[in-house]
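Architecture at a glance
Here is how the chains run, residue by residue.
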Amino acid sequence: MTCLEINLKKLEHNYFSLRNRLQPQTKMIGVVKANAYGSLSVPVAQKLVDLGMESLAVAYAPEGKKLRQSGIEIPILVFYPQTENFEEIIRNNLEPVLYSKRSWDGFVKAVTVSKKMNYPVHIKYNTGLNRIGFGPDEIDWVLKNIETGPFEVKTIYSHLGQTESLKPDRFTDNQISTFEAIMEKHNAAATHKPEYHLLNTSGVFNYPDYHMDWVRVGLGLYGFANHPQWNDNLAPIAELKTNITQIHEIMKGETVGYNCGWSAPENTRIAVLPLGHADGLSRQNGHGKGAVMVHGKKAPIVGNVCMDMVMVDIGVIQCKEGDEVVIFGNGSRVDDLAENTGTISYELLAALSDRIPRVIKK
Ligand SMILES: *Cc1c(COP(=O)(O)O)cnc(C)c1O
């Protein structure tokens, strides 16, 4: 059976590895969006709370609602709140990030209807990524509206576009100095005392001078940091395993899979595995781009990845039907598998579908 094993001991290791790099006053926002990067958001979030995580973050309101329903009580930021979800955000005591005049005005209305006071919100500025955020030229509007809005502005932040770059980086330097100017203006407006943040996981490693009041760590908790040198400090928490469903003896010239995707260059053995692109094993892994580990030996994926199954060339590897196969985890890395198929660990992990049973290892 295919299963994704989530190791909470490794999550704990990563939590402390990140925590120990921070200044004592810097707090952490644990990012558990997209089902905690494809793992399992509720037990992962609960473990982070038990470890002392100060705050959590999700991308969208329903993800936060799910955490609240499971009994998580610490602050939960919603990074990308949509106006349609404002009521749901308030009902579930989630903290939205306000990023435009439209989102600000809409949330003022929703909070006014709810008759709440000093509702906790976060403000995001766009310093160059050009995703979401108030423009730096909108700061006077923001400052004016903070005074009249029914909000407590807890934090102010921006997001950097390439924190993993080890080269001197003018783009990032510009983003940082733009944000520093924004901080200065906010600090000069004496009516509120917000806290600030800028960094994701690779930023924590690469920009130790800018940890500020908070950091927003996602990928690092799950064991990756976008660079081999930083990865060494972390342990991947997820292992994707399965078992061989069937083995075929294949003669030279026989083909395997849809559209005769692969033709055996010599006599060999093919193992059929019970997972496919519907589980998140991308079709890009076909034709030898991806490989799995059978008893510690590499077996390349042959032909096209099917929706529910995939075939690998096991050659002379000693194994039989029912034996365990590792897709990633022990002996092979998600980021390598991702790189071979032209993507990144984030996408590969987040694409693991809910058809794969998750098993929590405490
Ligand atoms: C996802 C996300 C993060 C976490 O980034 P990692 O690289 O996974 O640490 C931080 N900030 C924002 C705004 C995000 O959307």
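Quick caveat: nothing in here was measured; it's all calculated off a predicted structure.

Comments concerning empty space enclosed by the protein
Rolling a probe over the atoms, with the probe sized like a water molecule, indicates the empty space that remains. Taken as a whole and judged by the stated rule, the model has 2 cavities of 30 Å³ or more. Quantified by volume, the largest cavity comes out at close to 50 Å³. What lines the largest cavity is simply Leu4, Ala36, Tyr37, Gly38, Ser39, Tyr222, Phe224, Ile237, Ala238, Leu349 and Leu352. The element that contributes the greatest number of residues to the lining of the largest cavity is helix H2 (residues 33–38), accounting for 3 residues. Residues lining the lining of the largest cavity come from more than one domain, with at least three contributed by each of domain 1 (7–231) and domain 2 (238–361).

What about the layout of surface pockets?
Reported here for the largest pocket is a volume of approximately 710 Å³. In terms of lining, the largest pocket is formed by 34 residues, of which the most central are Asn200, Leu219, Asn226, Ile344 and Tyr346. Counting residues per element, the ones that place at least two in the lining of the largest pocket are H2, helix H11 (228–231), helix H12 (334–340) and helix H13 (345–350). Here the lining of the largest pocket takes 4 residues from H12, the largest share from any one element. Across the lining of the largest pocket, the residue classes break down as 13 nonpolar, 12 polar and 9 charged. In this structure, the second largest pocket encloses a volume near 210 Å³. Lining the second largest pocket are 15 residues, and of these Lys10, Pro236, Ala238, Gly329 and Asn330 sit closest to its centre. Put simply, the parts of the chain that give the lining of the second largest pocket at least two residues each are strand S1 (3–7) and strand S10 (238–243). When its residues are assigned to classes, the lining of the second largest pocket shows 6 nonpolar, 4 polar and 5 charged.

Side note on the packing of helix H1 (residues 8–19) against helix H3 (residues 41–51)
Relative to each other, H1 and H3 sit at 45°, their axes nearing to 10 Å. Compared by their axis directions, H1 and H3 come out oblique. At the point where H1 passes H3, the crossing takes the right-handed sense. Contact residues: Leu8, Leu11, Glu12, Tyr15 and Phe16 in H1; Val44, Lys47, Leu48 and Leu51 in H3. Here the residues of the contact of H1 with H3 are counted per class, giving 7 nonpolar, no polar and 2 charged.

Comments concerning the domain arrangement of the chain
Interfaces are often sized by the amount of accessible area the parts lose when they come together. For the chain, the assigned domains are domain 1 (7–231) and domain 2 (238–361). Across the boundary between the two partners, domain 1 contributes 16 residues, which contact 11 residues of domain 2. Interface area for domain 1 against domain 2, summed over the two sides, is near 1200 Å², with a carbon-plus-sulfur share of 59%. Interface area lost by domain 1 to domain 2 is led by Asn7, Tyr37 and Phe224, which between them contribute 37%. Our count for the contact surface shared by domain 1 and domain 2 stands at 5 residue pairs in polar contact (both at pLDDT 80 or more). Those elements that place two or more of their residues in the side of domain 1 that touches domain 2 are H1 and H2.

What counts and how
Residues numbered from 1 in each chain as written. Predicted model: local features only at pLDDT ≥ 70, side-chain atom pairs only at ≥ 80, totals over all residues. Heavy atoms only, no water. 1 Å grid on protein atoms, 1.4 Å probe; cavity = no way out; pocket = protein on both sides within 12 Å on 5 of 7 lines; lining within 4 Å. Points joined across faces, edges and corners; volume = space filled by probe spheres on them. Helix = DSSP H or I, 4+ residues; strand = E, 2+ residues; numbered from the N terminus. Domains from an automatic or database assignment. Nonpolar A, V, L, I, M, F, W, Y, C, P; charged D, E, K, R; others polar. Axes fitted to C-alpha atoms, helices over the stretch in contact; angles between N-to-C directions. Parallel < 35°, antiparallel > 145°, perpendicular 65-115°, else oblique. Left-handed = near helix turned anticlockwise from the far one by under 90°. Contact = heavy atoms within 4.5 Å. Buried area = accessible area lost by both parts, 1.4 Å probe. Polar contact = N/O pair within 3.5 Å; in protein donor to acceptor, adjacent residues only side chain to side chain.

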